[in-house]
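What follows is the residue order along each chain.
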Amino acid sequence: MSLQSALNALNQKRYQEAAELLEQFCRDCAEHNSSDYLSAQMWLIKAYQATGEIEKAKALCQKLMMSENPQARSWAEQASQSLCQTPSNVSQKAGRAATTGMKLAMGGVGGSLALASGVTMTLLFGMVLALGLSLVFILGSDNPLQGLAIAIGITLVFNIAAFFISPFIMDLTQGWLYQTRWVELAEVETLSPETAKVIRQVCEQKKLKTPRLGIINDQNPTAFTYGSLPNSARLVVSQGLFTYLDDDEIATVYAHELGHIVHWDFAVMTVASTLVQICYLIYSTARRFGRGGGDSKIKDAMQTAALVAYVFYVVGTYLLLYLSRTREYFADHFAAESTGNPNGLSRALVKIAYGILEEGSRTQEPSRLIEGTRALGIYDHKAAASTGTAYRIASDTQKVGRVFLWDMFNPWGWWMELNSTHPLTGKRVRALSNYAEQLGLPTEFDMGRVIGEGKSLNKSRLYGNFFLDVVLYGAETIGFFVGLVMGVILWSSSPNTGLVLGAPLIGLGIGILIKALVMFPNYKQAPETDILTLMSDAYASPLRGQSAKLEGQLIGRGDAGYKFGSDLKIQDRSGMLYLHYASRFGPIGNFLFGMKRVQSLIGEQVGAVGWFRRGVAPWMDLIQLQSKNGTIVNSYHRFWSFILGGGSIMLGVVLAMFLSRS
C-alpha cells in the first residue's frame, strides 16, 4: 500500500478510508524516523480530526511531540493547539452563486487589460526598435534603409523565436528541476471533481483545446500556466494545492489559470519579457563598444545609447510588472465569473499562503519550487507570511482581515507593490469580495469592517511617517550635499580648503547616524509580543524599526537555497517570521556564522529581541538570541552604521582642522 493512495483518499474527502490506509501504512513502515512515516502520522491526525475522532488525533499529536525530528515536533505542537478550538473560518464558509457565467463589474480594479497590454507592448516594441536603429546608424551604415530592415528583421526573428521556443525550454526545465508529471483530465477529476467540470466548461465555451495538465510532487501549494498559443498551453499545479484546498477552492484556482490562457496573458508576458531583455542586451552591447578604442565621437554616441537603453530597460521592467499585476486582477475576475464562487478564490488565496507557511515551517531550506516560479505562480510567496500567520490561528475571519490593513492603506504597500509581479493579497481579496456582493452573497472576509477600520487610521501618521522615511532613505546623500553646500558657502567668505573637503564628510556622517537612530531605536524596553500582533500593525514600515521581544522555536534558515545562510526562521504560537542576522565582521562573519553555528541552533527554543519591519514580506533585524540552554547570539545591525557615521564625522573634522592650519 502506497502513501500516495492514502493521500488521494484524503484529498477526495474519503476520510474514513484515508484513516484506515494511513494506519496500515504506519503499521507496515519499519523506519519510524523516516520522512514518509512522519508525514503519514501528520496526515493521519488530519484524517482523525475530519472523522471526529478527536481523542485519537490528540493522542497521536502527543506522540509526535516526543519525536526526535524538530519539524515533526513543531508541527504537532501547532496541530495540538488547533485541536483545542474549532475555527469558524473552517466550519462556516461563505456561499457561492447558484449559477455561473454572470457578468461582474470590476469597478476600475486593475484598469483595462487590453489597454495595459497594448500600451506595454507598443512602448516596448518602440523602445527596442529605437535602440536598434540608433545602433545601426551609429555604426555608420552605408545604406540606412537596409540598416532599418536588418534592425526590424532581427527584432522580429528574435521575438518570434522566443515566443515559440520558450514553452519547450520551460517543459525541459520543469521536468529537470521539479519532475513535473503530465496527467490526463481524468486523473485531475479523481483529485478534484469540480475542477474537471470547470475545465470542460471553459474549454467548451471558449472553444479551446484542453491544456496540457501537469502536477508537481511538492506540498507547497502553487499553480501556474505558460505557453505560446492558447491551444498549446500548459497548466501546472503542485500536489500541495490538493492537500490544503477544498474541491471548490481548487476549481477556482484552475479557473484563474484558465483565465490567463483565455486572455493570452502568458503569450503577451513572454513577448514583453523578451523585449525587456533585448533592451538590456542593447545596453550591455553599446556599453561594451563605448569602452573600446576608436573614434571618440562613436564612443560618446555609444555611451549615450547605452544610457538610453538602460533607462528603457528600467522603464520596461516597471511596465512589465504593471502588466503582470493587471493580468492577475483579470484572471481573478474570470475565475469569479466562470465559477460563480469569488469567495472560494478568496479562501484559496489565504489557504495557499497558509500552506506555503506550513510547508516552510517543516523544512530547514526554502522551497526551490516556490522561489523558482515566483513570477509565474498564482501567489507571491513573499507575501504569504502575514496572511498565512493570521489564518493559522484565526478563530474568525476578522483576524485574517486585519493583516490586510497594511496592504490597502499603508503607503508603503503601494510603493512595494510597484516592484511586485502580483497585487497585494488584501487588494485581491477586496476585489473578490466586491464580486461576491454583486452576486448577492455574504463575503468570506468582512472587508467592509476592514475598510472602515482603515478609514479610521491616523492619516497624518501614515503619510507623515512615509514621506519622512522616504527622505531618511537618502539621509546620507542629503547630508553629503548639504555639507558640500555649507563648505562652499563658508569657503567663499573665508577661503579654507579644509572646510570644502571636511564639511561634506561631516554631513555624510550625520546623515548616516540620523538614519541609524530611526532604523534602530532604543530596544531596552522592547515589549513582549507575538508575530501576528506585529503583522497586524497598519503603521509598520520597512525603515522605521519597531523593537520587540518574541518567544519561539528556530525552525530553519531564511536564505533560499543557501546552505550556509546566516538568516533564520522563528516560529511562535501565532506564526513564522524571518530573522536577519548581521555579524560585526560583515559578510565574512555572516558566512562563518551560517557555516558553523546556524545548524546547531535550529530546533532550539529561544527568546529573540530585534527590530520588526514590514514590506511585502515582514522580517525582524535581530539584536540578540538567547536559547533555553543559555546560548547567546548577538547581532550587530547598528554597529557598522555607528562606525561609518562616527568615522566620517571624525575624518571630516580632522581634515577641516588640519588643512585650515596648513
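Rules behind the numbers
- Residues numbered from 1 in each chain as written.
- Predicted model: local features only at pLDDT ≥ 70, side-chain atom pairs only at ≥ 80, totals over all residues.
- Heavy atoms only, no water.
- Buried < 20%, exposed > 50% of the residue type's maximum accessible area, 1.4 Å probe, protein only.
- Helix = DSSP H or I, 4+ residues; strand = E, 2+ residues; numbered from the N terminus.
- Pairing = 2+ DSSP bridges.
- Core = buried A, V, L, I, M, F, W, Y, C linked by side-chain atoms within 4.5 Å.
- Contact = heavy atoms within 4.5 Å.
- Axes fitted to C-alpha atoms, helices over the stretch in contact; angles between N-to-C directions.
- Nonpolar A, V, L, I, M, F, W, Y, C, P; charged D, E, K, R; others polar.
- Expected span 1.5 Å × (residues − 1).
- Arc of directions from axis to C-beta.
- Salt bridge = Lys/Arg side-chain N within 4 Å of Asp/Glu carboxyl O.
- Polar contact = N/O pair within 3.5 Å; in protein donor to acceptor, adjacent residues only side chain to side chain.
- pLDDT = per-residue confidence, 0-100.

Participant: Help me get a handle on the pairing of strand S3 (residues 223-226), residues and values and all.
Facilitator: The side-chain alternation of S3 yields two buried faces, one formed by Ala 223 and Thr 225 and the other by Phe 224 and Tyr 226. The sheet contact formed by S3 and strand S4 (residues 234-238) spans four bridges and is antiparallel. Bridge assignment links Ala 223 to a residue of S4, and that residue is Val 237.

Participant: Now, about the nonpolar core: what can you tell me, with residues and values included?
Facilitator: Of all hydrophobic cores here, the largest spans 50 residues; its most connected members are Leu 241 and Tyr 254. Leaving out residues up to four positions away in the same chain, Leu 241 has contacts with Pro 221, Thr 222, Ala 223, Ile 250, Val 253, Tyr 254 and Ile 352.

Participant: Give me the packing of helix H23 (residues 459-473) against helix H24 (residues 475-493): which residues, what numbers.
Facilitator: Closest axis-to-axis distance for the H23/H24 pair is 5 Å, and the angle between their directions is 65°. Of H24, the residues touching H23 (which contributes Val 471, Leu 472 and Tyr 473) are Ala 475, Glu 476 and Ile 478. For the contact of H23 with H24, the residue count by class is five nonpolar, no polar and one charged.

Participant: Which residues make up unusual backbone geometry, and what values do they have?
Facilitator: A positive phi angle, near 55°, is found at Lys 207, a position not held by glycine. By the element assignment, Lys 207 lies in the loop between helix H10 (193-205) and strand S2 (212-216).

Participant: Any details on the sheet that holds S3? Residues and values, ideally.
Facilitator: If you walk across this open sheet you meet the four strands as S1-S2-S4-S3, and the pairing is mixed. Where the open sheet ends on each side, the last strands, each with one partner, are strand S1 (181-183) and S3. Strand after strand, the sheet turns through a mean of 30° between neighbouring axes, direction not considered. As judged from the three bridges shared by S1 and S2, these two strands associate in the antiparallel manner. What sits directly across from Val 183, in S2, is Leu 213. Each of S2, S3 and S4 touches helix H12 (residues 247-262); the most contacted strand, S3, lies at about 20° to it.

Participant: Could you give me a rundown of H23, with the residues and numbers involved?
Facilitator: Relative to the 21 Å expected for 15 residues at 1.5 Å per residue, H23 spans 21 Å between its end C-alpha atoms, a close match to the ideal helical length. Inspection of H23 places Leu 462, Phe 466, Asp 469 and Leu 472 among the buried residues, and these make up the whole buried set. For H23, the angular spread of buried residues about the axis comes to 130°, placing them on one side. Exposed residues pointing more than 90 degrees away from the buried face of H23 are listed as Ser 460 and Phe 467.

Participant: If you had to explain the pattern of salt bridges to someone new, which residues and values would you point to?
Facilitator: Opposite charge on two side chains permits them to pair, given that their charged atoms come into close proximity. Scanning all chains against the criterion turns up 15 salt bridges. The closest approach of N and O atoms between Arg 200 and Glu 189, which form a salt bridge, is 3.1 Å. Of the two residues, Arg 200 sits in helix H10 while Glu 189 sits in helix H9 (residues 185-191), which places them 11 residues apart along the sequence. Using a relative accessible area of 41% as the deciding quantity, one classes Arg 200 as partly exposed. Residue class for Glu 189 comes out partly exposed when judged on its relative accessible area of 32%. Note that Arg 347 is salt-bridged to Glu 249, the shortest N-O span being 2.7 Å. On the criterion of sequence distance, the pair formed by Arg 347 in helix H15 (residues 342-362) and Glu 249 in helix H12 is long-range, its members being 98 residues apart. Note on accessibility: Arg 347 and Glu 249 belong to one class, buried. If you follow the salt bridges from partner to partner, you end up with Asp 246, Asp 248, Glu 249, Arg 347 and Lys 351 in one network.

Participant: Requested: an account of the environment of Trp 611, with residues and values cited.
Facilitator: Following the sequence through the fold, Trp 611 ends up in strand S8 (residues 605-614). For Trp 611, a relative accessible area of 2% translates into the label buried. Counting along the chain gives 63 residues from Trp 611 to Ala 548, while the straight-line C-alpha distance between them is 6.2 Å. Looking at Trp 611, its side chain comes within polar contact range of the main-chain oxygen of Pro 521, at 2.9 Å.

Participant: Please provide a residue-by-residue account of the confidence of the model for the protein chain, values included.
Facilitator: Model confidence for the protein chain is summarised by a mean pLDDT of 79, while 77% of its residues fall at 70 or above. Ignoring residues within four places in sequence, the model shows residues 85-91, a span with pLDDT below 50, making 11 contacts including any to other chains.

Participant: Describe in detail the side chain of Lys 515, supporting the description with residues and values.
Facilitator: With respect to the helices and strands, the residue Lys 515 is situated in helix H25 (residues 497-519). Classification of Lys 515 by relative accessible area gives buried; the value is 12%.

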